[in-house]
Amino acid sequence: MHLYKHQQIKIYNTLTGQKETFKPINDGYVGMYVCGPTVYSNVHLGNVRTFMSFDVIFRYLKHLGFKVRYVRNITDAGHLENDADVGEDRIAKKARLEEIEPMEVVQRYTVDFHNILDTFNFLPPSIEPTATGHIIEQIELIKTILDNGFAYEINGSVYFDVHKFNKTHDYGILSKRKLEDLIHNTRELDGQSDKKNPQDFALWKKAEPQHIMRWPSPWSDGFPGWHLECTAMSTKYLGDHFDIHGGGMDLKFPHHECEIAQNEAAKGQTPVNYWMHANMLIMNGKKMAKSTGNFILPGEIFTGNNPNITKAFSPSVARFFMLQAHYRSILDFTNEGLLASEKGFYRLMDAINVLDSLKASATSTIDINKWKQSCYDAMNDDFNTPVLIANLFEGVKYINQIKDGSVSVTDTDLSLLKETIQAFAFDILGLENSNNTESGTDKLSGTVDVLIKLRQEARANKDFVLSDKIRDELAAVGIELKDGKEGTTFSVN
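The paragraphs below set out a description of the structure included in this document.

Calculation criteria
- Every chain's residues receive numbers from 1 upward, in the order its sequence appears when written.
- In keeping with the predicted nature of the model, local features appear solely for residues at pLDDT of at least 70, side-chain atom pairs appear and are counted solely at 80 or more, and the whole-chain, interface and lining totals rest on all residues.
- Values reported for side chains reflect all heavy atoms of the structure, with hydrogen atoms and water molecules removed beforehand.
- Runs of H or I in DSSP of at least four residues are treated as helices and runs of E of at least two as strands, each being numbered from the N terminus.
- Relative accessible area decides the class of each residue, using a 1.4 Å probe on protein chains only: under 20% of the type maximum gives buried, over 50% gives exposed, and in between gives partly exposed.
- Only heavy atoms enter the contact rule, under which two residues are in contact if any of them lie within 4.5 Å.
- Shrake-Rupley sampling with a 1.4 Å probe provides the accessible areas, and residues are treated as covered by the protein chains on show and by no other component.
- Two residue types count as positive, namely Lys and Arg, and two as negative, namely Asp and Glu; His and chain ends fall outside the count.
- In plain terms, the charge of a residue is placed at NZ if it is Lys, CZ if Arg, CG if Asp and CD if Glu.
- Under the convention used throughout, the expected extent of a helix is 1.5 Å for every residue step, that is, one less than its residue count.
- Pairing between strands requires that DSSP locate at least two bridges from one strand to the other.
- Every axis in this analysis is a line fitted to C-alpha atoms, fitted for helices over the stretch in contact. Angles between the N-to-C directions lie between 0 and 180 degrees.
- An angle below 35 degrees is read as roughly parallel, one above 145 as roughly antiparallel, one from 65 to 115 as roughly perpendicular, and any other as oblique.
- Just so you know the grouping, Ala, Val, Leu, Ile, Met, Phe, Trp, Tyr, Cys and Pro go in nonpolar, Asp, Glu, Lys and Arg go in charged, and all remaining residues, Gly too, go in polar.
- Under this definition, polar contacts are N or O atom pairs within 3.5 Å; protein pairs additionally need one hydrogen-donor-capable and one acceptor-capable atom, and for neighbouring residues in sequence, both atoms have to be side-chain atoms.
- A side-chain nitrogen of Lys or Arg and a carboxyl oxygen of Asp or Glu constitute a salt bridge if their distance falls within 4 Å.
- Here, the term right-handed applies to a crossover whose path from the first strand over the helix to the second runs clockwise when the strands point away from the viewer.
- Summarising the geometry, the arc corresponds to the directions from the helix axis toward the C-beta atoms.
- For Phe, Tyr and Trp, rings pair up if their centres lie within 6.5 Å, where Trp contributes its six-membered ring, and each pair is then called stacked (planes under 30 degrees apart), edge-to-face (over 60) or tilted (otherwise).
- We call a charge positioned over a ring when the NZ of a Lys or the CZ of an Arg lies within 6 Å of the ring centre and within 35 degrees of the ring normal.
- Buried residues of nine kinds, namely Ala, Val, Leu, Ile, Met, Phe, Trp, Tyr and Cys, make up a nonpolar core once their side-chain atoms join them within 4.5 Å.

### Here we look at the overall build of the chain
Counting its secondary structure elements, the chain contains 16 helices and 15 strands. Its C-alpha atoms put the chain at 95 × 50 × 40 Å along the principal axes. Taking all 493 residues of the chain together, 52% fall into the buried category. Taking the intrachain contacts of the chain between residues at least 6 apart in sequence as the baseline, contacts between residues at least 24 apart amount to 73%. For the chain, the exposed area adds up to about 22,800 Å²; of that, 49% sits on carbon and sulfur atoms. If you average the places of the 53 positive and of the 65 negative side-chain charges in the chain, the two averages end up 4 Å apart.

### A few points about helix α7 (residues 226-238)
With 13 residues, α7 extends 19 Å from end C-alpha to end C-alpha; this agrees with the ideal 18 Å at 1.5 Å per step. Directly beyond the C-terminal end of α7, a positive phi value near 95° is found at Gly239.

### Structural notes on the environment of Phe54
The topology assignment puts Phe54 in helix α1 (residues 45-63). Residues Phe54 and Tyr70 lie 16 residues apart in sequence; the distance between their C-alpha atoms is 9.5 Å. Those residues in contact with Phe54 that sit more than four places away from it in its chain are Met32, Val34, Tyr70, Gly246, Gly247, Met276 and Ala278.

### A few points about the sheet that holds strand β4 (residues 67-72)
Within a sheet, adjacent strands bond to each other through the backbone by hydrogen bonds, running parallel or antiparallel. Across the sheet, which stays open at both edges, the 4 strands sit in the order β4-β3-β9-β10 with parallel pairing between neighbours. The strands lining the two open edges of the sheet, one partner per strand, are β4 and β10 (272-278). Each strand of the sheet is rotated relative to its neighbour by a mean of 20°, with strand direction disregarded.

### A word on the packing of helix α10 (residues 315-323) against helix α11 (residues 335-353)
Taken N-terminus to C-terminus, the directions of α10 and α11 make an angle of 105°; their axes are 9 Å apart at the nearest point. Our classification of the angle between α10 and α11 gives roughly perpendicular. Between α10, through Ser316, Val317, Ala318, Phe320 and Phe321, and α11, the contact on the second element is made entirely by Gly337, Leu338, Ser341, Glu342, Gly344, Phe345, Tyr346 and Leu348. Looking at the contact of α10 with α11 residue by residue, the classes come out as 8 nonpolar, 4 polar and 1 charged.

### What to know about the environment of Thr16
Assignment of secondary structure puts Thr16 in the loop between β1 (10-13) and β2 (18-21). The sequence separation of Thr16 and Pro218 amounts to 202 residues, and the corresponding C-alpha distance is 38 Å. Of the polar contacts made by the side chain of Thr16, one reaches the side chain of Glu20; its length is 2.5 Å.

### Quick word on the pattern of salt bridges
Counted under the stated rule, the structure contains 18 salt bridges. Between Asp381 and Lys19 there is a salt bridge, and its shortest N-O distance comes to 2.6 Å. In this pair, Asp381 is assigned in the loop between α12 (368-380) and α13 (385-404) and Lys19 in strand β2, connecting sequence segments 362 residues apart. For Asp381, a relative accessible area of 28% translates into the label partly exposed. One salt bridge connects Arg319 with Asp55, and the closest N-O pair in it is separated by 2.6 Å. Placement of the pair is Arg319 in helix α10 and Asp55 in helix α1, with a sequence separation of 264 residues. Asp55 matches Arg319 in its accessibility class, with the two residues each being buried. Counted as one network, the salt bridges with shared partners bring together Asp55, Arg59 and Arg319.

### A look at the pairing of β4
Pairing between strand β3 (residues 29-34) and β4: 6 bridges, direction parallel. Looking across to β4, one finds that Val30 is bridged to Val68. Crossover connection from β3 via α1 to parallel β4: handedness right-handed.

### Observations regarding the side chain of Thr14
Within the secondary structure, Thr14 is located in the loop between β1 and β2. A polar atom in the side chain of Thr14 sits 2.9 Å from the side chain of His277. Filtering out sequence-adjacent residues up to four positions away, Thr14 remains in contact with Leu174, Lys176, Lys252, Trp275, Met276 and His277.

### Topic: helix α16 (residues 464-476)
Taking 1.5 Å as the rise per residue, α16 with 13 residues should run 18 Å; its terminal C-alpha atoms sit 18 Å apart, in good agreement. If you check which residues of α16 are buried, you get Ser467, Ile470 and Leu474. In a view along the axis of α16, the buried residues occupy a sector of 65°, so they form one face of it. Looking at α16, the residues exposed on the side facing more than 90 degrees away from the buried face are Val465, Lys469 and Ala476. Downstream of α16 by one or two residues, Gly478 has phi in the positive range, about 90°.

### Side note on the packing of aromatic side chains
If you walk through the whole model with that rule in mind, you get 19 aromatic pairs. Measuring from ring centre to ring centre gives 4.9 Å for Tyr376 and Phe424, while their planes differ by 75°; the resulting arrangement is edge-to-face. Residue Tyr376 is located in helix α12, and its partner Phe424 is located in helix α14 (residues 411-428); the two are separated by 48 residues in the primary sequence. You can call Tyr376 buried: its relative accessible area is 5%. Residue classification places Phe424 among the buried residues on the basis of a relative accessible area of 0%. Every member of this aromatic cluster is reached through a ring pair, and the members are Tyr4, Phe22, Phe66 and Tyr274. When the ring centre of Phe122 is taken as reference, the NZ or CZ atom of Arg319 above it lies at 5.4 Å.

### With respect to the nonpolar core
The biggest cluster of nonpolar side chains holds 124 residues, and the ones touching the most others in it are Phe160, Phe333 and Leu348. Ranked by the residues each element gives to this core, the list is headed by α1, at 10 residues. Not counting residues within four places of it along the chain, the set of residues in contact with Phe160 comprises Ile145, Phe150, Ala151, Phe165, Asp200, Phe201, Leu203, Ala261, Gln262 and Ala265. One finds Tyr33, Val71, Cys230 and Leu251 within the second-largest nonpolar core, a separate group that totals 13 residues.

This is how it looks when you write it as structure tokens:
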């Protein structure tokens with residue numbers, strides 16, 4: 001029996017502004033589309049955070065037994081500067097500045113993107129389509145929107161008619177913006193634009209003579225609009241109506257709003273049941289910006305070669321740090337936060353690594369099944385990774401208590417504890433196991449063992465003041481001594 005039959009997920013749906021019980025269109029199957037990167041520069045940490053959120057969602061859905069088709073695109077054309085309908089293509093501009101072919105830019109930064117995500121232990125998506133690989137589909141989609149009367153062609157470019165669409169549909173349904181307010185807050189066209197209205201957006205742009213990236217179409221040699229590619233690729237691989245569409249909060253308007261409008265104009269129906277958006281990443285309480293130095297590339301975390309951090313951190317520590325915030329919360333990336341996460345991560349790994357040495361008993365004095373369901377409850381509540389991590393540390397406490405003999409578990413419950421904590425830490429959160437060599441676990445164990453021997457000698461000499469002082473001083477720094485029949489053990493709290 002698949003786990004999803006017993007676990008009910010609630011997802012915060014940006015479209016409705018509330019948590020809703022997840023019901024896939026087809027029982028046992030999930031279609032999920034996530035907007036991927038525009039590959040004109042190194043992937044930044046904010047991108048990584050967004051894709052990590054959906055990597056965990058992908059992992060959890062698979063863990064529950066759903067057959068998931070996860071589509072994440074590569075934007076390799078059509079994304080103009082400032083997300084607008086004017087200016088240069090971001091990739092073409094990079095190619096011009098470096099005097100190389102646009103596809104060289106695409107190749108370089110697509111490889112970088114994959115390398116970084118591999119380092120963070122991401123699962124690959126089911127399909128990773130590119131915008132340039134779907135020009136034909138985009139042209140056909142434009143033809144349909146034109147035929148349905150929601151677009152117009154002028155001087156070789158095709159624009160979506162937002163005003164006409166809004167007469168029979170709701171442009172702004174996702175972002176909760178009203179067209180009247182958009183009109184009020186938009187400057188009049190300056191006469192240089194072919195658009196009827198400032199709110200209209202490009203479906204196809206005629207290429208200027210200097211524009212490198214261009215394809216033939218019924219209207220001109222040109223290139224598709226940025227919003228169009230996701231509509232064409234998501235519906236090609238997931239159907240006209242699918243389960244989940246995700247991306248960063250910054251894509252909600254206009255990108256995702258335009259996707260909804262395009263789908264409804266072409267297909268006559270809303271494309272997606274659940275819209276999900278990951279929140280932004282800041283650094284040291286401020287927006288990340290290269291110009292101010294308040295900025296870090298993912299690779300610099302692993303080398304420590306950045307003035308904003310004091311040392312290098314492993315990919316799993318950085319991943320653990322990011323998952324300690326809910327995907328819909330703003331995450332403040334700080335050196336102090338990373339250092340604290342490193343301690344927590346190795347504490348979790350140390351506990352997992354002693355599981356095989358624990359001994360079972362005839363009875364259980366703790367409820368492992370209840371704890372296991374609490375882990376599922378956290379993920380079922382809109383994929384709440386910080387609550388899940390708190391529950392995993394409850395599991396760490398159980399492991400330490402079993403180790404020191406203060407609680408007991410049967411062989412069945414011990415196996416369930418091991419299976420559950422490993423499944424959530426590795427299969428779902430995507431952490432990778434490692435020994436705490438960097439933070440000196442072996443040295444810590446050796447040091448505490450020396451203090452335990454000194455304490456035993458003090459007790460043998462009836463120097464109880466010194467004996468108690470050693471115990472109390474260790475407790476003050478989070479190291480608890482446990483006296484048992486087989487000697488004294490310790491746990492790190």
